[in-house]
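# Working through the structure, step by step
Residues per chain are reported as follows:
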There are 4 protein chains.
Amino acid sequence: MRKIAVLTSGGDAPGMNAAIRSVVRKAIFEGLEVAGVFNGYQGLIDGKIEQFQLGSVGDIIQRGGTVLRSARCPEFMTEEGRQKAVRQIKLHGIEGIVIIGGDGSFRGANELVKLNIPCACVPATIDNDINGTEFTIGFDTALNTVIEAIDKIRDTATSHERSFIIEVMGRDAGDLALWAGLGGGAESILLPEKEFDVTSVVNRIKKSADRGKKHSIIVLAEGMMPANELAEVLKKEANVDTRVSVLGHIQRGGSPSARDRVIASQYGARAVEALMEGKRSAAIGMRNHKVVDYNLEEVFTKREKLDLSLLDLAETLSI
Amino acid sequence: MRKIAVLTSGGDAPGMNAAIRSVVRKAIFEGLEVAGVFNGYQGLIDGKIEQFQLGSVGDIIQRGGTVLRSARCPEFMTEEGRQKAVRQIKLHGIEGIVIIGGDGSFRGANELVKLNIPCACVPATIDNDINGTEFTIGFDTALNTVIEAIDKIRDTATSHERSFIIEVMGRDAGDLALWAGLGGGAESILLPEKEFDVTSVVNRIKKSADRGKKHSIIVLAEGMMPANELAEVLKKEANVDTRVSVLGHIQRGGSPSARDRVIASQYGARAVEALMEGKRSAAIGMRNHKVVDYNLEEVFTKREKLDLSLLDLAETLSI
Amino acid sequence: MRKIAVLTSGGDAPGMNAAIRSVVRKAIFEGLEVAGVFNGYQGLIDGKIEQFQLGSVGDIIQRGGTVLRSARCPEFMTEEGRQKAVRQIKLHGIEGIVIIGGDGSFRGANELVKLNIPCACVPATIDNDINGTEFTIGFDTALNTVIEAIDKIRDTATSHERSFIIEVMGRDAGDLALWAGLGGGAESILLPEKEFDVTSVVNRIKKSADRGKKHSIIVLAEGMMPANELAEVLKKEANVDTRVSVLGHIQRGGSPSARDRVIASQYGARAVEALMEGKRSAAIGMRNHKVVDYNLEEVFTKREKLDLSLLDLAETLSI
Amino acid sequence: MRKIAVLTSGGDAPGMNAAIRSVVRKAIFEGLEVAGVFNGYQGLIDGKIEQFQLGSVGDIIQRGGTVLRSARCPEFMTEEGRQKAVRQIKLHGIEGIVIIGGDGSFRGANELVKLNIPCACVPATIDNDINGTEFTIGFDTALNTVIEAIDKIRDTATSHERSFIIEVMGRDAGDLALWAGLGGGAESILLPEKEFDVTSVVNRIKKSADRGKKHSIIVLAEGMMPANELAEVLKKEANVDTRVSVLGHIQRGGSPSARDRVIASQYGARAVEALMEGKRSAAIGMRNHKVVDYNLEEVFTKREKLDLSLLDLAETLSI
């Protein structure tokens, strides 16, 4: 193997830059050439590919977003688009690609694998919803962003003795809501993984009110239902007034946390190793607190369940 | 004067606790007794009044929200409610009150003044919309919260080459949007103080795109129009795609900034001085960078205009 | 088991309050009584013990430090002191104690165990130097504090093209220096676990200068040598000028990170469970990313080594 | 006037980049050409001068440090060095220079003025020690950094009931110590502007201990005496134990606060205006909360005194 490339795809996540840096430096350290592909799969099709040096990734470890940028790419969904991408890959002498992104990005990589391009996939999404790894890059930073937001909103909730619904990201996965709710001391946490039970939410608010606590924080994963809708349900079913805060895009940005920088560095380097070892279809991740690579297939076939014992714990601690 | 009281009212603002601490400690330093009134004007009516000591306000200077809590109080809008409040004030031997809050809280104070209760009003609202003072307590902290949010969203805007509308608080006043837009390097800033001109916004986005900058940040004061509406207008009128982020309640909370703690300390102490000097209807504020007190009347009669030269500057710098 | 107690001991660590909250709420949830012991082992001797309710630990999950306070306790080193402690424990009907702290605190617990008091020990120290657990409470927060400090110092290092030595905590353990150095993109990391080699440090600085990078960040664990001494060695041996920054006590404080709040919540609840299961000498921790309890003995007998592969990675990535 | 240049000099301060951006964009907006000079006065001598475009200063408003870098320049202290600089200035057709920095940088500008080069000086130093302006760029950010550090250390101080000396920057000026001490709720503040009185410090600690507060925070400006020395004095004279924390270089870095970005934007644009108006020797600053320019001479001749009423206030509030 003489030359690899790296690209980012899908929603940006804090720590993507740390992962890019790791891939580039590790590759150069190992004597490989390394190219950066801009704008995700679209850049692969368009040949937006640049040879990178050590200095190309200087001073980016602490930056949010991705210097390689990301983009949606409907063209890559077509056979023709993918063939264009493969031609560019060959043209640039690229023998393996590190794909940094989420589930959709991994599916794109899978298409390249089918066309005989070795890929190593690095999980980076604030949602933490990639099968086969305990943690994705960006989850820890987003979690801290949400926690800080909850802390701020609690100031108002306490001062005005009001209840708040805080809607956090997570279309299919409740990880962010669950961890943030537990860490933020929320009175209720609502996740797509657990059936919604209005009575239970209302009971918790009332019980909490009974012991003199007149404010409540409800953390809601967007995949469960929209916050405004929940507010209406609570009003209608139980005459409970709530304010709504939809955290939105602030959850994606910001300087990555220490943990995200460390795992991004580990994953990026491991991806280069996987390619060098001749793996043709690798996913990188953490299992039992150790960095591993495993077959990309597993991402799509195994469906992992969220550890709902954390939810029980959160409910126990917010009695 | 032997005894005063302090209360917070209206929306909470970071630095209210620093102001409470200042009032209490300054009063005790000057040999006065001082009482804390809980839950704003409602607490005044209900007699939720406690004698405070030096230690009552220990370890609160850095906390967001208000330890005295705040509440809406329709009862105080009635003659009867106000009479109850006056009875409690007399009952507790209170000879003057420091009111910490925004415009509505000051109007409440004005009613007390009419009933012969000396009041000194300390401006605390993140909106910075009190006439007669350059800065209100909480504005600086909220500004930094908004700036941090813009910085985070810019990570995604840059990575995905997308445009964002960021809606910030400010029903009648564009101060927060204006300062945050300037400090956040926004491409456009929309305020209630300036007529909305869709052509101008679109032109700025296009000009910026022409020189290769494919993302834009538009900061919008909520008082201008809802963010979703603006997004629709931009789509319909100019086929410009934007994402929307409504910052919401995170803007009210958080540990106060250095500046807010300093002015809160200054204002609180000055309020006690004003009462001791026999002022019966004082508003505290900053003019020409100096802490002053002035007649509460001025808050309601003078209407100050936002300094729109900052808006010109912001537009100049985001060409 | 009807009643347990909880105390914090040793240097404070962010997340201790989240752990206290978890112990108290879990205990009450399980139908136990729970008492808070103030001032660590000294408070046990002095009987500074209070019955806690759900509300006793309200609004503390986000606070740094420990509401139970901590203190050195030479008296507990004596047989007599320990007997006093045991008398207080019996007097208050306490049948098991959760000890939150570091290595020294665990040794204290071991003495209580010998006197037939069941103990469950929760690891909380920013140094991450407790055998048998992957993570201690406080480590993640301290790591983020150090990373932020490195980011700030890098601004000056880059602007002035200067080299900096940043001394971080860690008398015997290099975990904090290692993770922070990797996450902060440091050019060199010096740890007590690896022999100091001045030539290697100087070579790295020179190599980095050769490729045009005129600033370097060296992260140094305090246990290795004092920063000023290192600066002198570098000057004398290699004529390399460096500035020194000793981060000091800021590393201990601050609102706990999301991760620290979550593991503190998990550990605290697990400690209560261990006591309820009749364990007489438990240490709580994380192994293979799972919360476990194990025999306290292991903390003192097994000596774990720092994973130096992270150091190799850091060196690879900062070439 | 057709072309101007901008340089940064002296210690870096957060907000310098926002000021550079403002100078460049304002100049281009006004139809001028604008060049960036790298490495301060040394770059002027060496001709490290680059034509800047709008995009040259994109995405820097939020960055700490200075993209133009800074450097000490002994050569500029010589007549010969300054002549070289003037030759480069003429060579590049530069008709006026904006100098961003502190007192020493302003003195350098004064030398250029004597050689008939129009200069406009923008005050940027975390020390806030430039005569003629209420605020320098960087002061507000540094203040918030110090406040956060004090908040963190207070966690440990409270938990362990210990007293801390926190040494902050400020060789000749106590502004940072004074504002941070007031905003951080310090028990004592020691400044070069006020004679040191060990008895008074000790009395404050003891008085505070008498009313049950067993920890104290002493904020010390480095210009007063080194923190270690103060610790020894307190131990020797009064048997008071203290811990020491020297905040050091973290005070210089970090993303600029909202306020620093706003005034940097204002000052930078005003500097360009001053040059365009034909001013040959301007200093920019804020007076009575308004942005002004005044003669550079005033910086060196008027000696302003720190407003010690803030110190009285801090002492009143920490009784």
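Residues numbered from 1 in each chain as written. Chains lettered and ligands numbered in written order. Predicted model: local features only at pLDDT ≥ 70, side-chain atom pairs only at ≥ 80, totals over all residues. Heavy atoms only, no water.

## Considering the overall build of chain A
- Per the secondary structure count, chain A includes 11 helices and 11 strands.
- Radius of gyration (C-alpha) of chain A: 22 Å, near the 20 Å computed for a compact globule of 319 residues.
- Across its three principal axes, chain A shows a C-alpha extent of roughly 70 × 35 × 35 Å.
- Split into buried and exposed, the 319 residues of chain A put 66% on the buried side. (Helix = DSSP H or I, 4+ residues; strand = E, 2+ residues; numbered from the N terminus. Rg over C-alpha atoms; globule rule 2.2 N^0.38 Å. Buried < 20%, exposed > 50% of the residue type's maximum accessible area, 1.4 Å probe, protein only.)

## Examining the sheet that holds strand 7 (residues 188-190) of chain B
All names here are of chain B.
- Ordered by their spatial adjacency, four strands build an open sheet running 7-8-6-9, and the pairing between neighbours is parallel. Both edges of this open sheet fall to strand 7 and strand 9 (243-246), since each of them pairs with a single strand only. Adjacent strand axes in the sheet meet at a mean angle of 20° when their direction is disregarded.
- Summarising the sheet, strand 6 (residues 163-168) and strand 9 pair through four bridges and their orientation is parallel. Opposite isoleucine 165, over in strand 9, you have valine 244 as the bridge partner.
- Along the sheet, helix 5 (residues 139-160) makes contact with strand 6, strand 8 (216-221) and strand 9, crossing strand 6 at roughly 165°. (Pairing = 2+ DSSP bridges. Axes fitted to C-alpha atoms, helices over the stretch in contact; angles between N-to-C directions. Contact = heavy atoms within 4.5 Å.)

## Some words on the relation of the copies chain C and chain A
- Note on the copies: chain C fits chain A at an RMSD of 0.0 Å, the axial shift is 0.0 Å, and the rotation between them is 180°. Look at the turn and shift together and you get a two-fold axis relating the two. Closest approach to the rotation axis within chain C is made by the C-alpha atom of asparagine 288 of chain C, at a distance of 2.0 Å.
- Of all interface residues in chain C, 100% are interface residues in chain A too; the two copies therefore contact each other through one and the same surface. (Least-squares fit on C-alpha atoms with pLDDT ≥ 70 in both.)

## Section: the sheet that holds strand 1 (residues 3-8) of chain C
Residue and element names in this part refer to chain C.
- Across the sheet, seven strands lie side by side as 3-2-1-4-5-10-11; this open sheet has mixed pairing. Looking at strand neighbours, the two that pair on one side only are strand 3 (49-51) and strand 11 (290-295), the edges of this open sheet. In this sheet, adjacent strand axes meet at a mean angle of 25° when their direction is disregarded.
- Summarising the sheet, strand 10 (residues 281-287) and strand 11 pair through six bridges and their orientation is antiparallel. Within strand 11, the residue paired with alanine 283 across the bridge is tyrosine 294.

## Describing the UniProt feature "active site" (unreviewed entry) in chain A
Residues and elements named next belong to chain A.
- In the numbering used here, UniProt assigns the "active site" (unreviewed entry) feature to Asp127.
- Secondary-structure assignment places aspartate 127 in the loop between strand 5 (119-123) and helix 5 (139-160).
- Sequence-distant contacts of aspartate 127, defined by excluding residues within four places in its chain, comprise Met169, Gly170, Ala173 and Asp175. (UniProt positions renumbered as here; feature names shortened; annotations may be inferred.)

## Comments concerning the interface of chain C and chain A
- On the chain A side, the residues contacting the 42 residues of chain C number 42 residues.
- Buried surface at the junction of chain C and chain A, both sides included, amounts to about 3900 Å², of which 63% is carbon and sulfur.
- Taken together, the connections running from chain C to chain A amount to four salt bridges.
- Taking the shortest distance from any N to any O, the salt bridge between arginine 261 of chain C and aspartate 151 of chain A comes out at 2.7 Å.
- Taken together, chain C and chain A are joined by 14 residue pairs in polar contact (both at pLDDT 80 or more).
- Put simply, the parts of the chain that give the side of chain C that touches chain A at least two residues each are helix 1 (16-29), helix 5 (139-160), helix 6 (175-183), helix 9 (258-276) and helix 11 (309-317) of chain C.
- With seven residues, helix 9 of chain C is the largest single contributor of residues to the side of chain C that touches chain A. (Buried area = accessible area lost by both parts, 1.4 Å probe. Salt bridge = Lys/Arg side-chain N within 4 Å of Asp/Glu carboxyl O. Polar contact = N/O pair within 3.5 Å; in protein donor to acceptor, adjacent residues only side chain to side chain.)

## Remarks on helix 8 (residues 227-238) of chain D
All names here are of chain D.
- Across its 12 residues, helix 8 extends 16 Å between first and last C-alpha, which sits within 8% of the 16 Å expected from 1.5 Å per residue.
- Looking at the packing, one finds that the buried side of helix 8 touches strand 6 (164-168), strand 7 (188-190), helix 7 (198-210), strand 8 (217-221) and strand 9 (243-246).
- Of the residues one or two after helix 8, asparagine 239 is the one with positive phi, at around 55°. (Expected span 1.5 Å × (residues − 1).)

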